[in-house]
Amino acid sequence: MKSIQKIKGTQDILPDTSGKWQYIENTVRTIMERYGYSEIRTPMFEVTDLFARGIGQLTDIVSKEMYTFLDRSKKSVTLRPEGTAPVMRAYLENNLGESRPVQKLYYISPMFRQENPQAGRLRQFHQFGVECIGPQAPEADVETILVGLDIYQELGLKNFTVKINSVGDAQSRFAYKVKLQEFLKPHFSQLCPTCQQRYETNPMRILDCKNESCNALLTNAPRIFEALTEEARAHFDKVLSLLDQNEVKYEIDHRLVRGLDYYTYTAYEFIGGALGAQNALGGGGRYDLLAEEIGAKKQTCAVGFAAGIERLIMAMESENLFPERNDRIDVFIATFGGATQDAGFKLAHQLRKENISVVTELMGRSLKAQMREANRYGARFALILGEDELQSGRAALKDLVKSEQKEVALIDLAEEIKNQL
């Protein structure tokens, strides 16, 4: 019978790599706390309509990539493909704006998209993200950028840049779409099939196309900056001014529009130079239209970003930024079965209560095999507990690093270990 294996596009995060994930997650939580962000955890699946309305029916995510199915009540549900729409749904459903006008939220969560697996992009992938809901001020846009930069810098990344653009307000976008369609009309037949569809439904997303022929056509395309209203231009100018004041290096990318329909005003990406063509570490922007798209009665201003953890691990590995693993335990207790094994098991429990890490023998192996196991664990000490030791209340404590051994009273064992660690 063929053994069962993991599904294509998923991965097992094994003990020898899980420390990298913990290191990143702990850093993310530390930076979030500095900025006053609180963690939010939303369900892994939501009603499909949340993403169809929030992200957009015609986006690749909704039309091609979502894991959608009918539950037993025949309701269409979808595994979460991104984190922003669920956070906004939770914000609205739980009336979070009433308790605090500015809600600063973050998440670290798995997401799901049925797309072609490639380096750093899996069908179950993981993101961390921030959502600042409530303020319309440009300062909120810049704060979310600073959060991301602080995380990357805390992790030691140096080889990255920030790309930024404005996609304008609703009036700006409408005016620009008309200009872009006029520019592309004579070249319609040269667009890829996907962009030919986008031409009518959402022409701005043609700017995001990775097809080389489409990219060549867009070289002289009009820039959205030329269509910005005074309000949208003032917002973007203030964002750039704040970035300058805080000495943030950035590059204005006039073709940066982001892939989702709910973005307004600021759009930005964190780019990692060591990742080749797929070099976006994360990205986001302002999405003041999302709340109304999913049923809110009034506009709710919001801004945030999401960043892929798999991509981040690749970037950190390329720059050798992970600290050396320290999986060493403090004590391995070697026993000889029977009463000694019971006593060792109890002693280990007592030592763990003193914040000492302990492993005991569970396989009934010889003393020689147990000492090999202690070395595999990188134990600092080995305690050999036999019948004579139980009778005398004293045992040999061997320092495996210094190759020294001393006899200690079992009652004083915890204090002795702590003094030497």
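Everything that follows concerns the structure shown earlier in this document.
As the structure is a computational prediction, the values presented were derived from the model and not from experiment.

### What about the sheet that holds strand β4 (residues 76-79)?
The strands that make up a sheet pair up through hydrogen bonds in the backbone, lying either parallel or antiparallel. Ordered in space as β2-β4-β3, the three strands form an open sheet in which the pairing is antiparallel. With one partner strand each, in any of the chains shown, β2 (45-47) and β3 (68-70) form the two edges of the open sheet. Averaged over all pairs of adjacent strands, the angle between their axes in this sheet comes to 35°, without regard to strand direction. As judged from the three bridges shared by β2 and β4, these two strands associate in the antiparallel manner. When the bridges of β4 are listed, F45 appears paired with L79.

### Focus: the sheet that holds strand β6 (residues 124-133)
The eight strands are arranged β1-β5-β6-β11-β10-β9-β7-β8 in an open sheet whose pairing can be described as mixed. Looking at which strands have only one partner, the edges of the open sheet turn out to be β1 (38-39) and β8 (250-252). Relative to β6, strand β5 (residues 103-112) runs antiparallel, the two sharing ten bridges. By the bridge assignment for β6, Y107 is matched with G129. Helix α12 (residues 309-318) rests against β5, β6, β10 (280-286) and β11 (302-308) of the sheet, and its axis sits at about 105° to β6.

### So, the pairing of β11
As a general feature of sheets, a regular strand has side chains that alternate between the two faces. Burial analysis of β11 places seven of its seven residues in the buried class, the great majority of the element. Where β6 lies against β11, seven bridges are found, and the strand directions are antiparallel. Along β11, the bridge assignment pairs F128 with A307. Relative to β11, β10 runs antiparallel, the two sharing five bridges. Bridge pairing in β11 places G284 opposite F305.

### Here we look at the side chain of T340
When you line up the elements, T340 lands in helix α13 (residues 338-353). When its relative accessible area of 1% is taken as the criterion, T340 is described as buried. If we skip the residues at most four places from it in the chain, T340 touches T335, L385, G386, E387 and L390.

### Remarks on the side chain of T335
The topology assignment puts T335 in strand β12 (residues 331-335). The exposure class assigned to T335 is buried, which follows from its relative accessible area of 5%. Among residues more than four places away in sequence, those in contact with T335 are T340, Q341, G344, E361, Q370 and L385.

### Things to note about the packing of helix α1 (residues 15-34) against helix α6 (residues 138-154)
As a packed pair, α1 and α6 sit with axes 10 Å apart at the nearest point and diverge in direction by 140°. Considering their axes alone, α1 and α6 lie oblique with respect to each other. Between α1 and α6 the crossing geometry is right-handed. Contacts between α1 and α6 involve T27, V28, I31, M32 and R34 on the former and, on the latter, V147, D150, I151 and E154. Across the contact of α1 with α6, the residue classes tally to five nonpolar, one polar and three charged.

### Section: the nonpolar core
Counting residues in hydrophobic clusters, the biggest one holds 49 residues, and the most contacted among them are M88 and I133. The element best represented in this core is helix α4 (residues 84-93), accounting for five residues. Not counting residues within four places of it along the chain, the set of residues in contact with I133 comprises V87, M88, Y91, P101, V102, Q103, L105, Y287, T300, C301 and A302. Ranked by size, the runner-up nonpolar core spans 43 residues in total, among them Y106, V147, Y152 and V248.

### A look at the pattern of salt bridges
Pairing is possible between side chains that carry opposite charge, provided their charged atoms lie close to one another. All told, the structure shown has 18 salt bridges when counted by the stated rule. Taking the shortest distance from any N to any O, the salt bridge between E361 and R365 comes out at 3.0 Å. When salt bridges that share partners are traced, they join E361, R365, E373 and R376 into one network.

Conventions and cut-offs
- Residues numbered from 1 in each chain as written.
- Predicted model: local features only at pLDDT ≥ 70, side-chain atom pairs only at ≥ 80, totals over all residues.
- Heavy atoms only, no water.
- Pairing = 2+ DSSP bridges.
- Helix = DSSP H or I, 4+ residues; strand = E, 2+ residues; numbered from the N terminus.
- Axes fitted to C-alpha atoms, helices over the stretch in contact; angles between N-to-C directions.
- Contact = heavy atoms within 4.5 Å.
- Buried < 20%, exposed > 50% of the residue type's maximum accessible area, 1.4 Å probe, protein only.
- Parallel < 35°, antiparallel > 145°, perpendicular 65-115°, else oblique.
- Left-handed = near helix turned anticlockwise from the far one by under 90°.
- Nonpolar A, V, L, I, M, F, W, Y, C, P; charged D, E, K, R; others polar.
- Core = buried A, V, L, I, M, F, W, Y, C linked by side-chain atoms within 4.5 Å.
- Salt bridge = Lys/Arg side-chain N within 4 Å of Asp/Glu carboxyl O.

Function-wise, these values are silent; they only describe arrangement.
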